[in-house]
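Each chain, letter by letter, is given below.
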Amino acid sequence: NAGVMQNPRHLVRRRGQEARLRCSPMKGHSHVYWYRQLPEEGLKFMVYLQKENIIDESGMPKERFSAEFPKEGPSILRIQQVVRGDSAAYFCASSPPYRVSSYEQYFGPGTRLTVT
Amino acid sequence: EDKVVQSPLSLVVHEGDTVTLNCSYEVTNFRSLLWYKQEKKAPTFLFMLTSSGIEKKSGRLSSILDKKELFSILNITATQTGDSAIYLCAVGDGSSNTGKLIFGQGTTLQVKP
């Protein structure tokens, strides 16, 4: 049973380019969460999605960041016109569809984004 | 503002020692408290606690929650070098019923041979 998959593991972008981060949840999981870990800081919640729905995006920066979880395929976190401050590790987590268990989240290995 | 605070921030021990990691929280709509171990890659799930005073155990690791005093501890007995990692504490925030986790800054544990 494969865990949460994220790719790429490392991504280097120049300022102004776009970054696309992908996440495939664990089999049987229908909830996806994205977190960001800045250097020397803890993980910070960004967005929570179910298939074809954004449920909570209260942690997403207002501009340049977007997320989706289509009916088919992985969840995508998209950062347009990246800046140096976007350099961080981006983690995806998934949980099963039962509400009581939704806090038990399983994490992927993360994508380390470096903006030069 | 909701927050989760872990202490100590870092800890160095020798193999065989017992360690206690602390996590205190101020979260208005507390639902659960979780512990994760983060090595070089994915944070791996250790425990989820929802009830006060009930210890959860897994091998040499154990954890307990005190909802009155708003803290949890993670104990590791007979530490091994493989226990070296960052230990993350997170609280499930029920304010929006969306499974959002609020993380502490982590405790970095180094176990020396």
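In case you missed it, the structure is sitting above this.
Summarised in this report is the structure supplied together with it. Small disclaimer: the values here were computed from a predicted structure and weren't measured.

## Observations regarding unusual backbone geometry
Look at the link from A:N7 to A:P8: it is a cis peptide, with omega at -5 degrees. Tracing the backbone shows A:P8 in the loop between β1 (5–7) and β2 (10–13). Residue B:P8 is bonded to the preceding B:S7 through a cis peptide linkage, with omega at -10 degrees. Structurally, the position occupied by B:P8 is in the loop between β1 (3–7) and β2 (10–14).

## Focus: the interface of chain A and chain B
On the side of chain B, 24 residues touch chain A, which itself brings 22 residues to the contact. The junction of chain A with chain B conceals about 1800 Å² of combined surface from both sides, 59% of it contributed by carbon and sulfur atoms. Three residues stand out in chain A for area buried against chain B, namely A:L43, A:Y103 and A:F107, and they jointly supply 37% of the buried area on that side. At the junction of chain A and chain B, the tally comes to zero salt bridges. Taken together, the links from chain A to chain B amount to five residue pairs in polar contact (both at pLDDT 80 or more). Of all the elements in the fold, those that place two or more residues in the side of chain A that touches chain B are β4 (31–37), β5 (43–50), β6 (53–56) and β10 (106–107) of chain A. Of the residues in the side of chain A that touches chain B, the class split is eleven nonpolar, six polar and five charged.

## Some thoughts on the sheet that holds β1(A)
All names here are of chain A. Reading across from one edge, β1-β3-β8-β7 is the order of the four strands in this open sheet, with antiparallel pairing throughout. Lying at the two open borders of the sheet, with one neighbouring strand each, are β1 and β7 (65–68). In this sheet, neighbouring strand axes are inclined to one another by 15 degrees on average, regardless of whether the strands run parallel or antiparallel. Alignment of β1 against strand β3 (residues 19–24), held across three bridges, turns out to be antiparallel. Among the inter-strand pairings, N7 is bridged to a residue of β3, identified as R22.

## A look at the side chain of A:D86
Positionally, A:D86 belongs in the loop between β8 (75–79) and β9 (88–95). Setting aside chain neighbours within four positions, we find A:D86 in contact with A:R36, A:R64, A:F65, A:I79, A:L113 and A:V115.

## Observations concerning the pairing of β5(A)
Residue and element names in this part refer to chain A. The buried fraction of β5 is high, at six of eight residues. In terms of strand pairing, β4 meets β5 through seven bridges, oriented antiparallel. Of the residues in β5, the one forming a bridge with Q37 is L43. The turn joining β4 and β5, which pair antiparallel and follow one another in sequence, is formed by five residues; a positive phi near 65 degrees is taken by E40.

## Side note on the state of the cysteines
Applying the stated rule across the entire model yields two disulfides over all chains. What pairs with A:C23 in a disulfide is A:C92, and their sulfur atoms sit 1.8 Å apart. One disulfide, between A:C23 and A:C92, carries an S-S torsion of -50 degrees and so falls in the left-handed class. A residue pair is termed long-range when its members are at least 10 positions apart, and A:C23 in strand β3 and A:C92 in strand β9 qualify at 69 residues. One disulfide bridge connects B:C23 with B:C89, the sulfur atoms lying 1.9 Å from each other.

Rules and cut-offs
Along each chain, the written sequence defines residue order, and numbers are assigned to residues from 1. Chains and ligands are labelled sequentially in the order written, the chains with letters from A and the ligands with numbers from 1. Predicted model: local features are reported for residues with pLDDT of at least 70 only, side-chain atom pairs are reported and counted for 80 or more only, and whole-chain, interface and lining totals are derived from all residues. Water and hydrogen atoms were dropped before computing side-chain values, which therefore reflect all heavy atoms in the structure. Per the convention used, a helix needs a DSSP run of H or I reaching at least four residues, while a strand needs a run of E reaching at least two, with both numbered from the N terminus. Working rule for contacts: check all heavy atoms of both residues, and any pair within 4.5 Å makes them a contact. By convention, the term buried area covers the 1.4 Å-probe accessible surface removed from two parts as they join, with the contributions of both added. Think of a salt bridge as a Lys or Arg side-chain nitrogen and an Asp or Glu carboxyl oxygen that are within 4 Å of each other. Under this definition, polar contacts are N or O atom pairs within 3.5 Å; protein pairs additionally need one hydrogen-donor-capable and one acceptor-capable atom, and for neighbouring residues in sequence, both atoms have to be side-chain atoms. Residues are grouped as follows: Ala, Val, Leu, Ile, Met, Phe, Trp, Tyr, Cys and Pro are nonpolar; Asp, Glu, Lys and Arg are charged; every other residue, Gly included, is polar. Strands are treated as partners if at least two bridges between them are detected by DSSP. To get an axis, fit a line to the C-alpha atoms, keeping to the stretch in contact for a helix; angles then go from 0 to 180 degrees between the N-to-C directions. Burial here depends on accessible area, computed with a 1.4 Å probe over protein chains only, as a share of the maximum for the residue type. Under 20% is buried, over 50% is exposed, and the range in between is partly exposed. Working definition: a disulfide is two cysteine sulfur atoms within 2.5 Å of each other.

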